[in-house]
Amino acid sequence: MNCCDCSHGSRALVSVPYSGQSSLAGVRWIINPLYQCTNVAISLRDLTREWGSYEDVALYLNRCQVDTPDRVVTAVWTLIHERRERIEKVIDFGAGDGRFSQAGRYRRYLGYEIDSGRSDVCALAANAALVHRCAFSTRIADADVCIGNPPYVRNQDLPDGWRASAAKVIRRRTGVEVSGLANAWQYFTLLALASTKATGLVALVIPYEWVSRPSAKALRDYIADNGWDVAAYRLRDETFHRVLTTSSIAIIDKRGTGGKWQYFEETVDGDYRPLASPTGNREGVLQYSRRKSGREVFAKRGLSPGTQEVLTLTEEERMRSGLKIGVDVVPCITSLRNVHPTCATLTDEVFRRNFREAGMKCWLLRTDREPSERLRAYLRSIPASKRQTRTCTERAQWWRFTMPVPASVIVASGFRHVRPKAVRNVVSAVAVGSVSGIYGLSDRDSRQIVRAIRSADLGAGIVTHSNGLRKLEIGQLETFLARALPKHSPMLD
Ligand SMILES: C[S@@+](CC[C@H](N)C(=O)[O-])C[C@H]1O[C@@H](n2cnc3c(N)ncnc32)[C@H](O)[C@@H]1O
């Protein structure tokens, strides 16, 4: 990553006072003359050259562009000042237009913002400055406070070069190995921890799920190992209109030595109500368990065939291509949204009415036998543009995935209220995409597990991640399985 390479340091920052807005190589930049340092304008393309292709970088930057509402900026500063009265140096990684510099009391503020186009409207306070460089290119380690709202970009949308380079910086500065499933905000949170002094404070607007999701475990462990105190304030879902993620203000206080974790949720009048646990219930988050290898009964996420668009078909698509049931395609379930909550069994009748006749993707190509001439013709008819996913392009035969066995029970992974839908899989459908499968159960145990899911309050043990939506992760389904069918225990690592 070009801009994460500190050899750029001397080139990017020089002590030439500059005031105002300029355009050089198509790049506008603004800097506060009081800060006595400015950018030698490096174009955004130069700054991001080593992140990946132009398209990948554009997608990443596009996903980053979310502004923090003023009331949240003020709320973050209020929480900071409850813990610190005098603040010398503030840094903000992914500073946008520098809006966090406008509230709060501090001596100096320095914002890092890669995209100079974000600072068209100058929101800087008099004692603040913006630098148009990559946040990961700094070696700051003496900030009193690191504030901000880092990008939420999902791991799938992170340019490869960005991820590799940011992971290297974090490894070097914290010793933490970031999970490959980590989204952008995790790298920024670790950078914030590395950039604040030993008694510093980190105050970031990040998804609330950080308090419980397995992909953020390395971050939580790092904080716990250091004994820092944490307060997580869950914000109301309407806070960021465009973002489908429940946000929070995360306060990590490095002065703390007791490793105390506290949870709060914002009320409609803008106050914070203490929560007994991340989910609000006494038992806390439904634990994540790992499957013991070689076990016959297990849970697994739905198959990712490479592209559902062409490797799964609706009834009409199947008929149009003349594909034969059982020979060319097998039943599959990609979602349980059409199934009534009272339905406990996926029978032929339910499959016909709610999937085949409802136009759902409900047939999966068979890849465990040589394709018939009909299937070959179908595969030949797929334009290259429809199979440009990484999974398909990396395969010897773009369409040939390993054929899974049907699950005994199919469970929706997402749900809104008390529990996800779950059905016994009498039609031997393959679980695809956002549904999970429980495998290896006898008919009797399948009935028992469906009954158990249908009477459980799983919502109480799962943190909502967007607009009231909860996701039952495979590790949590494993825990549930072990509790509901103890005879399969010990089944957990
Ligand atoms: C969610 S926005 C927040 C902007 C502003 N702080 C606010 O709260 O309104 C995140 C910002 O991070 C910037 N950004 C993304 N990656 C960056 C990087 N590696 N270095 C510096 N800034 C980055 C984006 O351009 C974007 O402006």
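Residues numbered from 1 in each chain as written. Predicted model: local features only at pLDDT ≥ 70, side-chain atom pairs only at ≥ 80, totals over all residues.

Caption draft 1: View of the site of the ligand. Around the ligand there are 23 residues in total, and Thr68, Gly94, Gly96, Ala135 and Asn149 lie nearest to it. The residue makeup of the shell around the ligand, split by class, is twelve nonpolar, six polar and five charged. (Near = placed C-beta within 6 Å. Nonpolar A, V, L, I, M, F, W, Y, C, P; charged D, E, K, R; others polar.)

Caption draft 2: Quick look at the confidence of the model for the protein. Looking at the protein, the pLDDT average stands at 87 and 89% of residues meet or exceed 70. Note that residues 1–40 has pLDDT below 50 and, in this model, 80 contacts with residues that lie over four places away or in other chains. (pLDDT = per-residue confidence, 0-100. Contact = placed C-beta atoms within 7 Å.)

Caption draft 3: Structural context of helix H3 (residues 54–64). Among all positions in H3, only Val57, Tyr60 and Cys64 are buried. Seen along its axis, H3 keeps its buried residues to an arc of 60°; they face one direction. Facing away from the buried side of H3 by over 90 degrees, the exposed positions are Tyr54, Glu55 and Asn62. (Buried ≥ 20, exposed ≤ 12 C-beta atoms within 10 Å, placed from the backbone. Helix = DSSP H or I, 4+ residues; strand = E, 2+ residues; numbered from the N terminus. Arc of directions from axis to C-beta.)

Caption draft 4: Expanded view of the pairing of strand E18 (residues 409–412). Here E18 shows no split at all, with Val409 and Val411 on one side and Ile410 and Ala412 on the other all buried. In terms of strand pairing, E18 meets strand E22 (residues 435–439) through four bridges, oriented antiparallel. Opposite Val409, over in E22, you have Ile438 as the bridge partner. (Pairing = 2+ DSSP bridges.)

Caption draft 5: Just unusual backbone geometry, in detail. A positive phi is found at Ser428, a non-glycine position, where the angle reads about 55°. Locating Ser428 in the fold gives a position in the loop between strand E20 (422–424) and strand E21 (430–431).

Caption draft 6: Molecular detail of the sheet that holds strand E14 (residues 298–301). Pairing is antiparallel across the open sheet formed by four strands, whose spatial order is E14-E22-E18-E20. Since the sheet does not close on itself, it has two edges, and those belong to E14 and E20, each with one partner. The sheet shows a mean angle of 20° between the axes of neighbouring strands, taken without regard to direction. Along the sheet, helix H14 (residues 474–484) makes contact with E14, E18 and E22, crossing E14 at roughly 160°. (Axes fitted to C-alpha atoms, helices over the stretch in contact; angles between N-to-C directions.)

Caption draft 7: Spatial organisation of the nonpolar core. One finds Val76, Leu191, Ala203, Val409, Ile410 and Val411 to be the most contacted residues of the largest nonpolar core, which totals 128 residues. The element that contributes the greatest number of residues to this core is helix H6 (residues 184–195), accounting for nine residues. Built from parts of two domains, this core gets at least three residues from each of domain 1 (2–275) and domain 2 (298–488). Excluding residues that lie within four positions of it along the chain, Val76 makes contacts with Ile147, Ala203, Val205 and Ile249. (Core = buried A, V, L, I, M, F, W, Y, C linked by C-beta atoms within 7 Å. Domains from an automatic or database assignment.)

Caption draft 8: Focus on the sheet that holds strand E13 (residues 272–275). The strand order E7-E6-E5-E8-E9-E11-E10-E12-E13 describes an open sheet built from nine strands, whose pairing is mixed. What marks the edges here is a single partner per strand, and that holds for strand E7 (128–131) and E13. Direction aside, neighbouring strands of the sheet carry axes that sit 20° apart on average. Judged from the four bridges that link them, strand E6 (residues 108–112) and E7 form a sheet pairing that is parallel. Residue pairing for E7: Leu110 is matched across the bridge by Ala129. Helix-sheet contacts for helix H4 (residues 70–81) involve strand E8 (143–148), strand E9 (196–207) and strand E11 (247–253), and the interaxial angle to E9 is about 150°.

Caption draft 9: Representation of the environment of Asp92. Mapping Asp92 onto the fold places it in strand E5 (residues 89–93). Once the C-alpha coordinates of Asp92 and Ala143 are considered, the two residues, 51 residues apart in sequence, prove to be 10.0 Å apart. What Asp92 contacts, discounting residues up to four positions off in sequence, is Phe100, Tyr109, Gly111, Ile147 and Gly148.

Caption draft 10: Seen up close, the pairing of E6. Within E6, four of the five residues are buried, which leaves the element mostly enclosed by the surrounding structure. The pairing of E5 with E6 spans five bridges and is classified as parallel. By the bridge assignment for E6, Phe93 is matched with Tyr112.

Caption draft 11: View of the packing of helix H5 (residues 160–174) against H6. Relative to each other, H5 and H6 sit at 35°, their axes nearing to 10 Å. As for how H5 packs across H6, the hand of that crossing is left-handed. Mapping the contact onto sequence places Ala166, Ile170, Arg173 and Thr174 in H5 and Tyr187, Leu190, Leu191, Leu193 and Ala194 in H6. Here the residues of the contact of H5 with H6 are counted per class, giving seven nonpolar, one polar and one charged. (Left-handed = near helix turned anticlockwise from the far one by under 90°.)

Caption draft 12: Main features of the environment of Phe355. By secondary structure assignment, the location of Phe355 is in helix H10 (residues 348–356). Given 26 C-beta atoms within a 10 Å radius, Phe355 is considered buried. In this structure, the C-alpha to C-alpha distance between Phe355 and Glu315, residues 40 residues apart in sequence, is 8.3 Å. The residues contacting Phe355, other than those within four sequence positions of it, are Asn338, Met360 and Cys362.

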